Amino acid sequence: MATALRLAVAVTCAFLVLASACQGLEVGYYKKSCPRVEHIVRAEVKKFVYKNAGIGAGLIRLLFHDCFVQGCDGSVLLDPTPANPQPEKLSPPNFPSLRGFEVIDAAKDAVEKACPGTVSCADIVAFASRDAAYFLSRLRVKINMPAGRLDGRVSNASEALDNLPPPFFNVTELVDAFAAKGLDAEDMVVLSGAHTVGRAHCSSFVPDRLAAPSDIDAGFASVLRRRCPADPAPGNDPTVNQDLATPNAFDNQYYKDVLAHKVLFTSDAALLTAPETAKMVRDNAYIPGWWEDKFKAAFVKMSRVEVKTGKQGEIRKNCRVVNHA
Ligand code: HEM
Ligand SMILES: *[C@@H]1O[C@H](CO)[C@@H](O)[C@H](O)[C@H]1NC(C)=O
Ligand SMILES: *[C@@H]1O[C@H](CO)[C@@H](O)[C@H](O)[C@H]1NC(C)=O
């Protein structure tokens, strides 16, 4: 950044509480220090996603679950230790459903070989999540991802439970949960469109969505009933695809599913229960290219939530453990 621009941003930050503009993230942040980092991460993501599209879905979700808890700081990646036996990754919203950690490890290994000690795990999560959206959208969702996040040293399972919206939330609760992270109702609606890929465990929507009365499409409900035992034995928790129409395509089909009442969660169906969010669902469903453009902007906005800079964080050597633990 030119000195004048830097000064302008600093001045703006002093006068405005515009969190997203003041966090110093930049597109091309590693241009000098690690010019190949985005290529390296993308190559790793490509290998995994073309082998298993579901891992791509996991990576898209990973950024959301990282950013909503302690900000986008890689805290979701930390493994349990004797000193911290209950990190975020072991909390119910994350365990055992969250996936893609092995991609972050592979990307970090490759990046460390090229530029040791330079690139944060938080930035690798943001790049990898962005790349998963790129590949699953057949290269249509192309995002310039700013970087410069630092890795945090705190990871607490109860904070994940407190900050990640559960699938039974209604529309006001969803709007509030996103507002708490500086994201508005439209960001919430547009980001929910990520439920156009990946899967859910039956336990995430049974019994509330399959119990009568429900607005769920009858044919869709019977598919789910066949797949999900009403009274499962412990440990028996099958999965179903979120979007039965195009399960691995990162597209706007989710909004058509919402309108057709063929979605898994109360939180998905809830988007039709307020006039403003219902209008957004229709726009995303019917206007070609609308959702893709909105998603790109909202995803970058989410990637800036409560970012750590300066003395607040570090660049982890191993994404699973804090430095000098
Ligand atoms: C609006 C509030 C949201 C709620 C209540 C919610 C809830 C859930 C739940 C319960 C699952 C299923 C987990 C399982 O049982 O395996 C899931 C999956 C998923 N979520 Fe969300 N989510 C929300 C927003 C988001 C956002 C903002 C994103 C990303 C931008 C996202 C991306 C995904 C993806 C891609 C999957 C599939 C993961 C996989 O296949 O591994 N979700 N979500
Ligand atoms: C995690 O957070 C909860 C609630 O904020 C707090 O009570 C608990 O002490 C924290 N745990 C650790 C290990 O810091
Ligand atoms: C959503 O749930 C909250 C808490 O249970 C409740 O107070 C509120 O009235 C509900 N809102 C809607 C729109 O159903």
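Residues numbered from 1 in each chain as written. Chains lettered and ligands numbered in written order. Predicted model: local features only at pLDDT ≥ 70, side-chain atom pairs only at ≥ 80, totals over all residues. Heavy atoms only, no water.

Chemist: Even after reading the chapter, I still don't get the overall build of the protein, so can you show me in this structure?
Modeler: Along its length, the protein carries 13 helices and two strands. Relative to the 2.2 N^0.38 estimate, which gives 20 Å for 325 residues, the radius of gyration of the protein is 20 Å and therefore close to what a compact globule would have. With the principal axes as the frame, the protein shows a C-alpha extent of 60 × 45 × 35 Å. Buried residues in the protein amount to 50% of all 325 residues. Across the protein, the fraction of contacts at a sequence separation of at least 24, relative to all contacts at a separation of at least 6, is 76%. (Helix = DSSP H or I, 4+ residues; strand = E, 2+ residues; numbered from the N terminus. Rg over C-alpha atoms; globule rule 2.2 N^0.38 Å. Buried < 20%, exposed > 50% of the residue type's maximum accessible area, 1.4 Å probe, protein only. Contact = heavy atoms within 4.5 Å.)

Chemist: Would you mind going over helix α9 (residues 218–227) with me for this structure?
Modeler: For an α-helix, 3.6 residues make a turn, and residues three or four places apart therefore share a direction. Every buried residue of α9 is accounted for by F220, A221 and L224. Down the axis of α9, the sector holding all buried residues measures 100°, keeping them to one side. Projecting away from the buried face of α9 at angles above 90 degrees are the exposed residues A218 and R226. Turning to α9, the residues buried within the fold contact β2 (239–241). For α9, the side-chain oxygen to backbone nitrogen distance between the N-cap and G219 is 3.1 Å, and the N-cap itself is D217. (Arc of directions from axis to C-beta. Polar contact = N/O pair within 3.5 Å; in protein donor to acceptor, adjacent residues only side chain to side chain.)

Chemist: I tried to follow a nonpolar patch on the surface on my own but got confused; where do I start?
Modeler: Residues Y286, I287 and W290 make up a contiguous nonpolar surface patch of roughly 300 Å² in combined accessible area. Mapped onto the fold, Y286 is located in helix α12 (residues 275–286). (Patch = residues over 30% accessible without salt bridge, like charges linked within 9 Å, V, L, I, M, F, W, Y side chains within 5 Å. Areas by Shrake-Rupley, 256 points an atom, 1.4 Å probe, with all protein chains shown as cover. Salt bridge = Lys/Arg side-chain N within 4 Å of Asp/Glu carboxyl O.)

Chemist: Mind showing me how you'd approach the packing of aromatic side chains here?
Modeler: The geometry of two aromatic rings is summed up by the distance between their centres and the angle between their planes. Going through the model one piece at a time under the given rule, you end up with 14 aromatic pairs. Aromatic side chains Y29 and Y30 sit 4.9 Å apart centroid to centroid with 85° between the ring planes, which places their arrangement in the edge-to-face category. Judged by its relative accessible area of 39%, Y29 falls in the partly exposed class. With centroids separated by 6.2 Å and ring planes inclined at 80°, the aromatic side chains of F168 and F169 adopt a geometry described as edge-to-face. Three or more aromatic residues joined by ring pairs make a cluster, and in this case those are F250, Y254, Y255, W291, F295 and F299. For the cation-ring pair, R42 lies above Y134, with the distance from its terminal atom to the ring centre recorded as 4.0 Å. Positioned above the aromatic ring of F101 is the side chain of K89, whose terminal nitrogen or guanidinium carbon lies 4.5 Å from the ring centre. (Phe/Tyr/Trp six-rings, centres within 6.5 Å; stacked < 30°, edge-to-face > 60°. Lys NZ or Arg CZ within 6 Å of the ring centre and 35° of its normal.)

Chemist: Just checking my understanding: could you explain the site of ligand 1 for this structure?
Modeler: Near ligand 1 there are 25 residues, and of these R99, H195, R199, H201 and S204 occur at the shortest range. The backbone of R199 places a nitrogen or oxygen atom 2.9 Å from an oxygen atom of ligand 1. Residue S204 places a side-chain N or O atom 2.6 Å away from an oxygen atom belonging to ligand 1. Elements supplying a minimum of two residues to the shell around ligand 1: α3 (53–67), α7 (171–179), α8 (185–192) and β1 (199–201). At five residues, the largest contribution of residues to the shell around ligand 1 is made by α3. Among the residues forming the shell around ligand 1, the class breakdown is 13 nonpolar, nine polar and three charged. (Near = heavy atom within 4 Å. Nonpolar A, V, L, I, M, F, W, Y, C, P; charged D, E, K, R; others polar.)

Chemist: Before we go on, may I ask you to explain the environment of Q253 in this structure?
Modeler: Following the sequence through the fold, Q253 ends up in helix α10 (residues 253–259). Q253 sits 57 residues away from T196 along the chain, and the two C-alpha atoms are 6.3 Å apart.

Chemist: Sorry if this is basic, but what is going on with the confidence of the model for the protein here?
Modeler: Should the pLDDT be low somewhere, the predicted coordinates at that spot are not to be read in detail. Put simply, the protein has an average pLDDT of 94, and 93% of its residues get 70 or more. Contacts for the low-pLDDT stretch residues 1–21, under 50 throughout, to residues beyond four places or in other chains number eight contacts. (pLDDT = per-residue confidence, 0-100.)

Chemist: Would you mind showing me how to read the state of the cysteines here?
Modeler: What we call a disulfide is simply a covalent bond connecting the sulfur atoms of a pair of cysteines. Counting across every chain of the model gives four disulfides. Note on cysteine connectivity: C34 is disulfide-linked to C115, with sulfurs 1.9 Å apart. Between C34 and C115 the disulfide shows an S-S torsion of about 65°. By sign, it is right-handed. With C34 in the loop between α1 (3–15) and α2 (37–51) and C115 in the loop between α4 (101–114) and α5 (121–136), the pair connects residues that are 81 residues apart, well separated along the chain. Between C67 and C72 runs a disulfide, and the two sulfur atoms are separated by 2.1 Å. (Disulfide = S-S within 2.5 Å.)

Chemist: Explanation requested: the UniProt feature "site: Transition state stabilizer" (unreviewed entry) in the protein in the structure shown.
Modeler: Following the UniProt record, the feature "site: Transition state stabilizer" (unreviewed entry) maps to R61 here. Looking at where R61 falls in the secondary structure, it is placed in helix α3. Using a relative accessible area of 31% as the deciding quantity, one classes R61 as partly exposed. (UniProt positions renumbered as here; feature names shortened; annotations may be inferred.)

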